[in-house]
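# Summary of structural features
If you want the building blocks of each chain, they are given just below.
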Amino acid sequence: MTIRDVAAATGLSPAAVSYAMRGVQTSPETQERVRRAAEELGYTGNAVARALARGSTGLVGVLSGSLEDLGEQRFVETLGRELGRRDLHMVVADARGEPDRERTLARQLAEQLVDGLVVSPLDPSDTSWEEIGEVLPIVTVGDALAGPTVGEVLFDNRAGVVLVLEHLHGLGHRRIAVLTPSRPSTPDRPAERVVAEVCRSLDMEATVVNSRHSIEDAERAATALLASEPRPTALFCLSDSIACGVYAAAAAQDLEVPSDLSVAGYDGHPIAGVVRPPLTTVEWGMADVATAAAGLLAAAVAGRPKSRTRVRVAPELVTRASTAVPARAQATAG
């Protein structure tokens, strides 16, 4: 039995049934109507009936795209603190960079009857989000979803990508590589398409390579790139975790950053200021992102939101010692 079955029996929408089970955004009469329908259908001993009996659980699901990503780890840890300040506790699920696993976990969390879900989606265009959003309040972080949400905290990835590429172009780089963990994206996060567009306008040659977030996988991907001829003069990593893998690959090939190879990251993770040389990256203000996401979900759990709220996050380029004029350009200038 699913929430859709109860919805069909009551003539309510799946969303209304979901809210009634949690005791929010619905009248006591509607909640009693849903309770009676569950009992009449013979479901008094299952999860739906238990949810009707207890109402809100105080538990919310947090679905991570990949906890291999240092930036994602930091976000989840900060989000947990912010949810705790609102008397909510999180159940964390890791999609491990796999869209199929992400879909399965999202459905499982919905069936567990958590009060809401915060998701950093791998595949925001997947149509299954529409079904899940009908029965569970969702706040999405990073990308807009194909389905309904109660809140969106969206990164202006177009602006972030442009900042890095224009920075590298200004230093004299014309042949670069981009390492990305991306999956199918929405217009709010068009990283690969923006790379192609901006590089064409700047007369830069860019090779785009997919890599998982883990430092080991990123090192393997970067090793192959650095062995190619002609070698790119700069690597732009759409994750600071991936940039750490690039540092490891460069060291293994006796290449110095930035004299032999410029490297740029994307998360603004504290590790960017610790590695040597310190990493040029894009800062997103993740503490503020976590605060916004927690506030949006807490409002939904309390039954306060009436329409989708969208918060857009602007990037800031933090220039450090990992990017410099390419060696060949220096030689020509000399």
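Everything below is about the structure printed above this text.
Quick look at the structure, then. (Residues numbered from 1 in each chain as written. Predicted model: local features only at pLDDT ≥ 70, side-chain atom pairs only at ≥ 80, totals over all residues. Heavy atoms only, no water.)

### Focus: unusual backbone geometry
For clarity, the cut-off: Strands are runs of DSSP state E lasting at least two residues, helices are runs of H or I lasting at least four, and both sets are numbered from the N terminus onward.
With omega at -5 degrees, the peptide bond leading from E229 into P230 counts as cis. Within the secondary structure layout, P230 lies in the loop between α10 (215–226) and β8 (234–237). The omega torsion of the bond from V257 to P258 falls at 5 degrees, within 30 degrees of zero and hence cis. Following the sequence through the fold, P258 ends up in the loop between α11 (240–252) and β9 (262–264). With phi around 60 degrees, D203 is a residue other than glycine that occupies positive phi space. Along the polypeptide, D203 turns up in the loop between α9 (191–202) and β7 (205–210).

### Focus: the sheet that holds β8
Strand pairing in a sheet relies on backbone hydrogen bonds. The paired strands run either parallel or antiparallel. The cut-off we apply is this: If DSSP finds at least two bridges between two strands, the strands pair. Every axis in this analysis is a line fitted to C-alpha atoms, fitted for helices over the stretch in contact. Angles between the N-to-C directions lie between 0 and 180 degrees. Whether two residues are in contact is decided by their heavy atoms: any pair within 4.5 Å suffices.
The strand order across the open sheet formed by four strands is β7-β6-β8-β9, and the pairing between neighbours is parallel. On the outer flanks of this sheet lie β7 and β9, each paired with one strand and no other. Put simply, the sheet's adjacent strands are angled 20 degrees from each other on average, direction ignored. In this sheet, β7 lies alongside strand β6 (residues 175–180) in parallel orientation, the contact comprising six bridges. Bridged to A177 within β7 is T207. The strands that α10 touches are β6, β7 and β8; relative to β6, the one it contacts most, it runs at about 160 degrees. In this fold α11 packs onto β6, β8 and β9, with an angle of close to 150 degrees to the strand it touches most, β8.

### A look at α10
Quick reminder of the rule: By this rule the span expected of a helix is its residue count minus one, scaled by 1.5 Å. The cut-offs for exposure are 20% and 50% of the maximum accessible area for each residue type, with area from a 1.4 Å probe on protein chains only; residues under the lower value are buried, those over the upper are exposed, and the others partly exposed. Taken from the helix axis, the directions to the C-beta atoms give the arc we talk about.
An ideal rise of 1.5 Å per residue puts 16 Å on twelve residues; α10 measures up with 16 Å between its terminal C-alpha atoms. Taken residue by residue, α10 has D217, A218, A221, A222, L225 and L226 as its buried positions. One side of α10 carries all its buried residues, which in axial view fall inside an arc of 165 degrees. Across from the buried face of α10, at angles greater than 90 degrees, the exposed residues are R220 and A224. Next to the buried residues of α10 lie β6, β7, β8 and α11.

### So, the side chain of H173
The test is simple: Residues adjacent in sequence count toward polar contacts only when both atoms are side-chain atoms; beyond that, a polar contact is any pair of N or O atoms within 3.5 Å, and within protein one must be able to donate a hydrogen and the other to accept it.
Note on placement: H173 falls in the loop between α8 (157–171) and β6. Among the polar contacts listed, one links the side chain of H173 to the backbone oxygen of A324, at a separation of 2.7 Å. With near-sequence residues (within four places) excluded, H173 lies in contact with L168, M204, T233, A234, S262, A324 and P326.

### Describing the nonpolar core
The test is simple: Only buried residues count toward a nonpolar core. Its members are Ala, Val, Leu, Ile, Met, Phe, Trp, Tyr and Cys residues joined through side-chain atoms within 4.5 Å.
In terms of nonpolar packing, the biggest core is built from 44 residues, with F75, L79 and F236 touching the most fellow members. If we skip the residues at most four places from it in the chain, L79 touches V62, V118, A290, A293 and A294. The next biggest cluster of nonpolar side chains, apart from the first, holds 23 residues, and it includes A221, L225, L235 and L255.

### Description of the packing of aromatic side chains
Each aromatic ring pair is summarised here by two numbers: the centre-to-centre distance and the angle between the ring planes. Selection criterion: Within 6.5 Å between ring centres, the rings of Phe, Tyr and Trp (the latter by its six-membered ring) count as paired, and their orientation is classed by plane angle as stacked under 30 degrees, edge-to-face over 60, tilted in between.
Taken as a whole and assessed by the stated rule, the structure comprises three aromatic pairs. Centre to centre, the rings of F155 and W284 are 5.0 Å apart; their planes meet at 20 degrees, and the pair counts as stacked. Pair noted here: F155 is in strand β5 (residues 151–155) and W284 is in the loop between β10 (281–283) and α12 (286–301), with a separation of 129 residues, a long-range link. You'll find F155 and W284 in the same group, each marked buried. Look at F236 and Y266: their rings are 5.8 Å apart centre to centre, the planes differ by 65 degrees, and that puts the pair in the edge-to-face class.

### A word on the pattern of salt bridges
A side chain of one charge can pair with a side chain of the opposite charge if their charged atoms are brought near each other. To keep it simple, the criterion reads: Criterion for a salt bridge: a side-chain nitrogen of Lys or Arg within 4 Å of a carboxyl oxygen of Asp or Glu.
Inspection of every chain in the model, using the stated rule, returns eleven salt bridges. Between E77 and R81 there is a salt bridge, with the nearest N and O atoms lying 2.4 Å from each other. Taken as a pair, E77 and R81 lie in helix α5 (residues 70–84) at a separation of four residues, close to a single helical turn. The partly exposed category is assigned to E77, whose relative accessible area is 42%. For R81, a relative accessible area of 41% translates into the label partly exposed. Of the charged contacts in the structure, one is a salt bridge between R86 and E82, with a shortest N-O distance of 3.2 Å. Relative accessible area serves as the criterion here: at 10%, E82 is assigned to the buried category. Three or more residues are tied together by salt bridges with common partners; here these are E68, R212, D217 and R220.

### A word on the packing of α5 against α12
For clarity, the threshold we go by: Roughly parallel means an angle under 35 degrees; roughly antiparallel, over 145; roughly perpendicular, 65 to 115; everything else is oblique. Less than a right angle of anticlockwise turn of the near helix away from the far helix marks a crossing as left-handed, whereas a clockwise turn marks it as right-handed. Following the grouping adopted for this structure description, the nonpolar residues are Ala, Val, Leu, Ile, Met, Phe, Trp, Tyr, Cys and Pro, the charged ones are Asp, Glu, Lys and Arg, and the polar ones are all others, Gly among them.
With their axes 8 Å apart at the nearest point, α5 and α12 run at an angle of 45 degrees to one another. Judged on the interaxial angle alone, α12 and α5 are oblique. Seen along the crossing, α5 lies across α12 with a hand that is right-handed. Residues R74, F75, T78, L79, E82 and L83 of α5 pack against M286, A287, V289, A290, T291, A293 and A294 of α12. Looking at the contact of α5 with α12 residue by residue, the classes come out as nine nonpolar, two polar and two charged.

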